[in-house]
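# An overview of the molecular structure
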Amino acid sequence: MDYFLTEEQQMIVEVAQQITDEKIIPQRAELDEKEEFATEILKDIAKADLFGLYIPEEYGGYGGGCFEVVLALEQFGRGCVAVATSFAASALGAYPILLSGSKEMKQKYLPDVASGSMKAAFALTEANAGSDASGIQTTAVLDGDEWVLNGTKQWITNAGEAQIYSIVAITDKSKGARGASMFVVEDTDPGFSYGPKEKKMGIRASATRELIFKDCRIPKDRLIGRQGMGFITVMKTLDLSRPGIAILGVGLGQAALDESVTYAKQRVQFGKPIISFQAIQHMLADMAIQVEASRALVYAAAKHIAAHQKDMSKASSMCKVFATDMAMKVTTDAVQVLAGYGYMREYPVEKMMRDAKILQIYEGTNQIQRNVVGQELNKEYT
Amino acid sequence: MNIIVCVKQVPDAKDVRLDPKTNTLSREGVESIMNPYDRHALEAAVQLKENYGGTVTVVSMGPPQAEEVLREAVSCGADEAVLVSDRAFAGADTWATTYTLMKAIKKIGTFDLIICGKQAIDGDTAQVGPGLAHRLNIPFVTCIRNITNCEDSLLKAERLMDDGYDVLEIQLPALLTVVKDINEPRVPSLKGKMKAKKISITSMSAEDIGANPEQIGLNGSTTQVVRVFSPEPRGEKTMLTGSVAEQVEQLIEKLEAIQ
Ligand SMILES: Cc1cc2nc3c(=O)[nH]c(=O)nc-3n(C[C@H](O)[C@H](O)[C@H](O)COP(=O)(O)OP(=O)(O)OC[C@H]3O[C@@H](n4cnc5c(N)ncnc54)[C@H](O)[C@@H]3O)c2cc1C
């Protein structure tokens, strides 16, 4: 369907498309098999100027917003959700600085993030704080001109690969939700180290590790925004980034559909291509309908978010749930269409099915997203 | 350092077919692309610019639609683009082409280095790079697979050979042709694409470059394509496998069978 993109938006699609077709797709199976971080592909993405899509021009970026990022991520998601996740997680790590950081902080980090020479990561989750962020135990205590961090963050995407980390720590336990703050930690800060790389079901070419803080001392000015505003920045960050996860579902769903239709036209059983069986045709039709509906919703949500920064939550959660549940269903059906071949690693759809699952979990599980939509409805209908 | 890269628009090899009746190339529905070797030449030039400063100018002799490959080159890092185009250039062989490119490059001005792809995948002659260097009276080296350094007008590079590679020092100005091993060409960048859309491409006609009408196009060509045909398919091949002893045995069996 034609979404009437502007000429520049079309260019973003073309640039991302070419990287996906020429650099990502030929390498994705090997990267997955070896669980190898896609360092070179991310360099290609950097050379193509795409790391700066959402960063204002005054900090060396393109000056786009949520929708422009979505257009690029749709292509990357079509190629490999692991590579796309590494790209998206860097944006997630930079958003807190962009949304709440001081001018000096933006000047210090954003130009390098925009050029792709610096990658970022976002660290909220801990062993006892998954969906429930109030379980955070990492602390930050001001000691003279320095903050002293202690605690462990878990399952952090890009950990060990990024140069800067936007982390959430408790600065005043007695203040509850107002007692958390965000900080920038640099790769080289003393007392900061990483856990071993996690072994995952899918998105294996992405890096997931712990962040370990043992009396990690960072300068006072690494506080992002004001003390106690940590959770507000977290909520704004995730609202802004979730359409990016949603669109990975769309890209992935599209890839699964493409593989399925191509295969169904050439696979012959009972003397006919299997696409001539109604059971297969209906499955393909449902896949196509769901992918297109998800795309339309994510595009609309991303445009809404770009225009209404104060009222993003519902649109953001809605599109994340819809498009990622779709991706799980469509990739599962793709394996069904290819059947035994689909189950083999020689074909790309088994990886797609493994990769789809994470989309329903990270950046807030789909149950939590439904909670958000429900709570918003409750507020709206008073 | 000012670098000139020569690029050619060619039909995408994977689409080209020979019409079996007329024995001519059937170009219908065939997409045009930048000659693949030239993408590597351009990448080499852009990398040199990034490392040592300077400008990259791409030049193409071709019909007006060759502008597409020039814009693509700009989106991949070239600074300036020149299209050398005139009906009078039609039918040029490599001799007339090198004359025309030489005149255009003289018109463009000074340069330190010219980089070409090893060959174009349509004609496959590999003559234009060396021929152009000859016309300009500068040294050339073909089949460069790596450029390792460039200082004080001295370029260090590696030339691919059948059995390894040569390490060479080349005094600039010079011309190089490159093979695909030299680099992994980048895809267009967003800023590059925006620039490519806006850039005005310099167009040069036969008159603009002061070409002698006797030396361009068909007139200036010393060779003519008389006929294009598909070579006879070679006889069927059989690969023998197994240990040497087994293969010898199989071979003897086959030879005896022929007898
Ligand atoms: C590969 C990977 C990468 C990740 N990257 C990052 C990262 O870069 N940064 C980061 O901070 N985190 C990251 N995470 C963490 C991720 O965001 C969390 O896993 C996610 O928020 C869920 O937390 P949990 O796994 O602890 O599940 P839990 O919160 O323990 O949830 C368990 C189940 O209970 C349900 N549930 C919990 N509470 C409720 C409720 N109130 N109502 C209804 N259902 C509920 C959940 O939906 C889920 O089904 C990553 C995780 C993975 C697996």
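The structure we're discussing is the one just above.
From a predicted model like this one, the values you see are computed outputs, not experimental measurements. (Residues numbered from 1 in each chain as written. Chains lettered and ligands numbered in written order. Predicted model: local features only at pLDDT ≥ 70, side-chain atom pairs only at ≥ 80, totals over all residues. Heavy atoms only, no water.)

Counting its regular elements, chain B contains 6 helices and 13 strands. Judged by the C-alpha coordinates and their principal axes, chain B covers about 70 × 45 × 40 Å. Considering only contacts within chain B whose residues lie at least 6 apart along the sequence, 70% involve residues at least 24 apart. Only carbon and sulfur atoms are counted for the fraction: they give 49% of the accessible area of chain B, which is about 14,500 Å². Counting 28 positive and 36 negative side-chain charges, chain B places the averaged centre of each group 6 Å from the other. (Helix = DSSP H or I, 4+ residues; strand = E, 2+ residues; numbered from the N terminus. Contact = heavy atoms within 4.5 Å. Areas by Shrake-Rupley, 256 points an atom, 1.4 Å probe, with all protein chains shown as cover. Lys, Arg positive; Asp, Glu negative; His and termini not counted. Charge placed at Lys NZ, Arg CZ, Asp CG, Glu CD.)

All names here are of chain A. In the region of the ligand, 18 residues are neighbours, and T125, S131, T157, T365 and Q367 sit closest. Measuring from a nitrogen atom of the ligand, one finds a backbone N or O atom of W155 at 2.9 Å. Interatomic distance of 2.8 Å between a side-chain N/O atom of T157 and a nitrogen atom of the ligand. For the shell around the ligand, the elements supplying multiple residues, two or more each, are β1 (120–123), β3 (146–157) and α11 (366–380). Residues belonging to the shell around the ligand are distributed by class as follows: 9 nonpolar, 7 polar and 2 charged. (Near = heavy atom within 4 Å. Polar contact = N/O pair within 3.5 Å; in protein donor to acceptor, adjacent residues only side chain to side chain. Nonpolar A, V, L, I, M, F, W, Y, C, P; charged D, E, K, R; others polar.)

All names here are of chain B. A contiguous nonpolar surface patch, about 270 Å² in accessible area, is contributed by V244, V248 and I252. Secondary-structure assignment places V244 in helix α6 (residues 244–258). Among the residues examined, V244 registers a relative accessible area of 64% and is labelled exposed. (Patch = residues over 30% accessible without salt bridge, like charges linked within 9 Å, V, L, I, M, F, W, Y side chains within 5 Å. Salt bridge = Lys/Arg side-chain N within 4 Å of Asp/Glu carboxyl O. Buried < 20%, exposed > 50% of the residue type's maximum accessible area, 1.4 Å probe, protein only.)

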